[in-house]
Structures are given as C-alpha cells and as structure tokens.
Amino acid sequence: MFVNRKKEIKDLENLYANDQNNVAILYGRFGIGKTELVKKFIADKPFVYYRASELSSREQSFACSIALTGNEAPLSLYDSLAYAIRKNMRPEKKIVVVLDEFQSLVDFRLEESVVKILSAFKGIEHVMFLLVSSSVRWIENTLVDDAPYIAKLTSAFIKVRDFSFTQMVSRLDKLETRDVIVASAILGGVPRYLDYWRQEKTPEENIMSMFLTKNSVFLNEAEFFLKQELRELSAYNAILSALAGGRIKLNDLYSRTGFSRAKISVYIKNLTELDVVEKVFSYDEGDSTNVQKGLYRIKDNFLRFYYRFIYPNMTLIELSKGKEVYETKIAPYLDEFMREAYRDVSFEYLKLTSEGKGRVLDNYETWYGKNGIIDIVARDNNGKVIVGICDLKSEKTKTTVIDALEELLNISGIAANEIHFFSNHGFTQDFINAAKEKKYGFVSIDEL
C-alpha cells in the first residue's frame, strides 16, 4: 500500500526533469517502502528494472542477462543494460534505469557500465539511473571508498525514512489517535511492519499475533534485520538488551555486558551508523551540574520494543506462554514505554500548530536531569523557548505535574517562553483552572 511520499516523489521528478543524463541514489532500511516508491515514480515513464542479488560475478552475469535480455548466455552488465534500454526507450522521453540493491553490483563492473551508458545515450536517448539500496550503513559510510565514481556522478542522495505521525494517521486511518501512537511506539513508521497491524484488532491482539506466539511473523525479525548489516550478533543483542532495559550510560553497559569500554564504543558506533542507536545530548543552558551526560538510547522504535519486551522473554514465548508475557511483562509498562513515541508526536503537533502562527520549529531536545526529565525543549526562529511535558500516567493529569515541571525549570535554568502539557488520559478540573490562569497549553492524546 503506497502512502504519501510527496517529498521523495517531488525530488525524483525534479531530477528526472533535468535535461542531462544523471544518477540518483535512493536508500533506506529494508521494508521502508522503497520499491513501492520506485513503482509509483516509474509508472508513467519508460524504464528498465533489475534487482541484484549477492551472487558470484558469473552468476550475476547469468541473472542479469536472463532478466534484461532473455538470453541465458552470460553478457556483461553494460551489454545487458544497453540492450534493455534500447528495447524500452521511447522518443523524446527519458528512460529510468533502476538498479535495486545495487551494492551487490559494485564488484560487477558497475561503475564502468554506468559511465559508458551515460556517455553513450544522449539526446533523445538520455537516461536517468536510479540506484536503490537497503544498506543504509554502506551508503552513508562506505560507498565513497567502494564506488568513488558512482559517488562522484550522483546528483542526489534521497533517504527514505520512517513515516511521520501524520503519515501514520493516513496509513492507519480507522484507528483512534491513542492506538496510532501505540502502533508507532511498537513498530515505528516502517510500512512493511505496519502492513501486519490489523486495525480491527486491539493493540493486545496485534501484539499477541505479531510477537507472542510461536512462529509469529516478527518473533525473529530483529535478528534478521541486524544480520543484514552486522556480525557478532550475540554482542549486539547484549548491548541492545541492556539499553532497552534502562542501562543507558557507558558504565552501565560495561557493568552489564562485561565488554571493555573500547569494545562497547565500537559496537555503539556501528549501531549508530545503522540508525539504530543514538547518543543523547541533554538540553543545557550552561549549568551542567544537574544534567545527566553520556546517555545512549535505541532510536529505532521496533528494536526498542523488541529488546525491551520480546528478547528477554523468548523462552516463555516458545513455551506458548505469550498471554502471560503480555499480562505481566508488557501491559503494566506499555504506557510508560510509549513516552518516547508520544514525545515525538507531541513535538510534531507543536511544529504543525506553530506553522499556523508564522513561526518555525526545526527540532527539539530533551533535558535529562538527575531529578527528572523535561520531554521537549525547542527554540523557534525568533529565539523563543517552547517546553513540553508528556504525562502518560493511567489517570488524569493533576496540578502536581505543573509543580514538578516548574521545579525542574528552576533546577535546569531553562527560561521557557511557552509551556505545553500533553496527557494520556485528560486533565482534572483543578489542572485546567491552574493551566488557564498561568496561560499554559494543554492537549489530551485524543486531541492530537
């Protein structure tokens, strides 16, 4: 199912409209929707499509020849592509050559073939190469070394990211806001994962069917994803399990895993390059006395859920005790687990409502203090500081939350020009009265 990728489509169309032969690289994690995006883009254009696999040079030659020419004799990549381009091109219209998972072609004279084709096909026979890859880490960290000419020829790198919350709402259009946030917290914005989320089912039913039964579709998904990019899976399992369990400092990871600090740093670097983990920098107004430093977190929602709730309970799941796992290990902690996803959604709300007021919010930080957390601290284009607190308690938000925030603002030294509260279960009347008097904003989860 294709859902709103307007920006990516626009970027590709702008490149296609260029009169020159060109190369674009489209990349993103497995399951993020690259193929659907490509199909949408080439639907009204002449095109050649080849999906490469990890094969020896000879087998790659056979596969390419059969796919593009129907010839079972092994041809060079250039000959196969040149044949397919001539066969499929149309007068006065640029042809798109899609090489999917092109990293598997790097040792298959890819650069020479692309350069020759860009030079050979001119005028009405001009061509756009769209090189597609699921290897985010390779594109961002190794491509320039492995394929320097391809990198030099590339006009644009387009990264396909997780759905934003707005896109999630479009994708899960039959759900209430609360349940969309639950789905986002568990699966992230990965279209392939969302395809399995049944809107007619409750979150519990979806979690049970997708994770907590033997042979369920995502029981081993995390390891499949990591194995595509990383070795030493046991070490990465240990790191991610520790992070998901709240051990977010380097010393905590050292104590938990027994790995040396140098080794942990290498693993964290690799996970960061894969967009799985990030180092968290607390918002700091200059007085760092009460700020927690050197924190790490699992950035990927799906992996954060998996290593928090599924990985530690694999034995019980294999023993068909998934219901017990849900009731005792997941349900009591699900609201608090949602906090990071809720934080992102709340900021997206602030960002969108700010646009209506003629101001811009580009990003936000979180203040991590020794006595608590301020979820959202952002600056608009006029330098004003906007603060937000997300309350996920299973009751209405009380005035004590206002008191706690004001104390944290005093400790942190953050001078907030605007304050907003976001609640999982609404607000007491006392809170509403106090917030109105102080001119604080407040929004319940159902209003997002």
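Note: the structure precedes this text.
Because the structure is predicted, anything quoted here is derived from the model rather than measured.

Analysis parameters
- Residues numbered from 1 in each chain as written.
- Predicted model: local features only at pLDDT ≥ 70, side-chain atom pairs only at ≥ 80, totals over all residues.
- Heavy atoms only, no water.
- Helix = DSSP H or I, 4+ residues; strand = E, 2+ residues; numbered from the N terminus.
- Rg over C-alpha atoms; globule rule 2.2 N^0.38 Å.
- Buried < 20%, exposed > 50% of the residue type's maximum accessible area, 1.4 Å probe, protein only.
- Contact = heavy atoms within 4.5 Å.
- Areas by Shrake-Rupley, 256 points an atom, 1.4 Å probe, with all protein chains shown as cover.
- Pairing = 2+ DSSP bridges.
- Axes fitted to C-alpha atoms, helices over the stretch in contact; angles between N-to-C directions.
- Parallel < 35°, antiparallel > 145°, perpendicular 65-115°, else oblique.
- Left-handed = near helix turned anticlockwise from the far one by under 90°.
- Polar contact = N/O pair within 3.5 Å; in protein donor to acceptor, adjacent residues only side chain to side chain.
- Phe/Tyr/Trp six-rings, centres within 6.5 Å; stacked < 30°, edge-to-face > 60°.
- Lys NZ or Arg CZ within 6 Å of the ring centre and 35° of its normal.

S.K.: Before we go on, may I ask you to explain the overall build of the protein chain in this structure?
M.R.: Regarding its fold elements, the protein chain presents 23 helices and twelve strands. Whereas a compact globule of 448 residues would reach a radius of gyration of roughly 22 Å, the protein chain reaches 25 Å, a difference of no more than 12%. On the principal axes, the C-alpha backbone points of the protein chain span a range of 75 × 55 × 45 Å. Per-residue burial over the protein chain gives 51% buried out of 448 residues. The contacts of the protein chain with a sequence gap of at least 6 include a subset with a gap of at least 24, amounting to 68%. Carbon and sulfur atoms make up 47% of the accessible area of the protein chain, which amounts to about 21,400 Å² in all.

S.K.: It is not clear to me how the environment of Glu 365 should be interpreted in this structure. Could you clarify?
M.R.: Within the secondary structure, Glu 365 is located in strand 8 (residues 365-369). Glu 365 sits in the partly exposed class, given a relative accessible area of 36%. The spacing of Glu 365 and Phe 224 is 141 residues in sequence and 32 Å in space, taken between C-alpha atoms.

S.K.: Looking at this structure, I do not really get the pairing of strand 7 (residues 295-298). What am I missing?
M.R.: Consecutive residues of a regular strand have side chains that alternate between opposite faces of the sheet. Burial along strand 7 is two-sided: Leu 295 and Arg 297 facing one way and Tyr 296 and Ile 298 facing the other are all buried. Examined bridge by bridge, strand 6 (residues 277-280) and strand 7 share four bridges and lie antiparallel to one another. Bridge pairing links Val 280 to Leu 295 in strand 7.

S.K.: Teacher, can you tell me more about the packing of helix 1 (residues 6-17) against helix 2 (residues 34-42) here?
M.R.: Running from N to C, helix 1 and helix 2 point in directions that differ by 45°, and their axes come no closer than 10 Å. In terms of orientation, helix 1 lies oblique with respect to helix 2. Relative to helix 2, helix 1 is oriented so that their crossing is right-handed. Along its contact with helix 1, which presents Glu 8, Ile 9, Leu 12, Glu 13 and Tyr 16, the element helix 2 presents Leu 37, Lys 40 and Phe 41.

S.K.: Hey, could you run me through the side chain of Arg 359 in this one?
M.R.: Within the secondary structure, Arg 359 is located in the loop between helix 21 (339-355) and strand 8. Overall, the relative accessible area of 11% leaves Arg 359 in the buried class. Polar side-chain contacts of Arg 359 include one of 3.1 Å to the side chain of Ser 354. Within the local environment of Arg 359, its side chain forms a polar contact with the side chain of Glu 418, the two groups lying 2.8 Å apart. The residues touching Arg 359, leaving out its near neighbours within four places in the chain, are Ser 354, Asp 380, Asn 381, Ile 386 and Glu 418.

S.K.: I keep staring at the packing of aromatic side chains and nothing clicks. Help me out?
M.R.: Any aromatic ring pair is given by two values, namely how distant the centres are and how the planes are angled relative to each other. A full pass over the atoms with the stated rule returns 25 aromatic pairs. Seen from their ring centres, Phe 30 and Phe 224 are 5.6 Å apart, and the 70° between their planes marks the pair as edge-to-face. Highlighted residues: Phe 30 in the loop between strand 1 (22-27) and helix 2 and Phe 224 in helix 13 (residues 221-227), separated in sequence by 194 residues. Residue class for Phe 30 comes out partly exposed when judged on its relative accessible area of 28%. The exposure class of Phe 224 is partly exposed, given its relative accessible area of 38%. Ring centres 5.3 Å apart and planes at 55° place the aromatic pair Phe 305 and Phe 309 in the tilted group. Of this pair, Phe 305 and Phe 309 both sit in helix 17 (residues 301-310), four residues apart, roughly one helical turn. Phe 309 carries the same exposure label as Phe 305, and that label is buried. The ring of Phe 225 carries the charged tip of Arg 29 above its face, separated from the ring centre by 4.2 Å.

S.K.: Hey, could you run me through helix 17 in this one?
M.R.: Each full turn of the α-helix corresponds to 3.6 residues, which orients residues three or four apart in the same direction. Counting buried positions over the ten residues of helix 17 gives nine, a clear majority of the element. Of all the residues in helix 17, the buried ones are Asn 301, Phe 302, Leu 303, Arg 304, Phe 305, Tyr 306, Tyr 307, Phe 309 and Ile 310.

S.K.: Mind showing me how you'd approach the side chain of Ser 113 here?
M.R.: Relative to the assigned elements, Ser 113 resides in helix 5 (residues 110-120). Judged by its relative accessible area of 4%, Ser 113 is buried. Looking at Ser 113, its side chain comes within polar contact range of the main-chain oxygen of Arg 109, at 3.0 Å. Leave out the neighbours within four places in its chain, and Ser 113 touches Leu 77 and Tyr 78.

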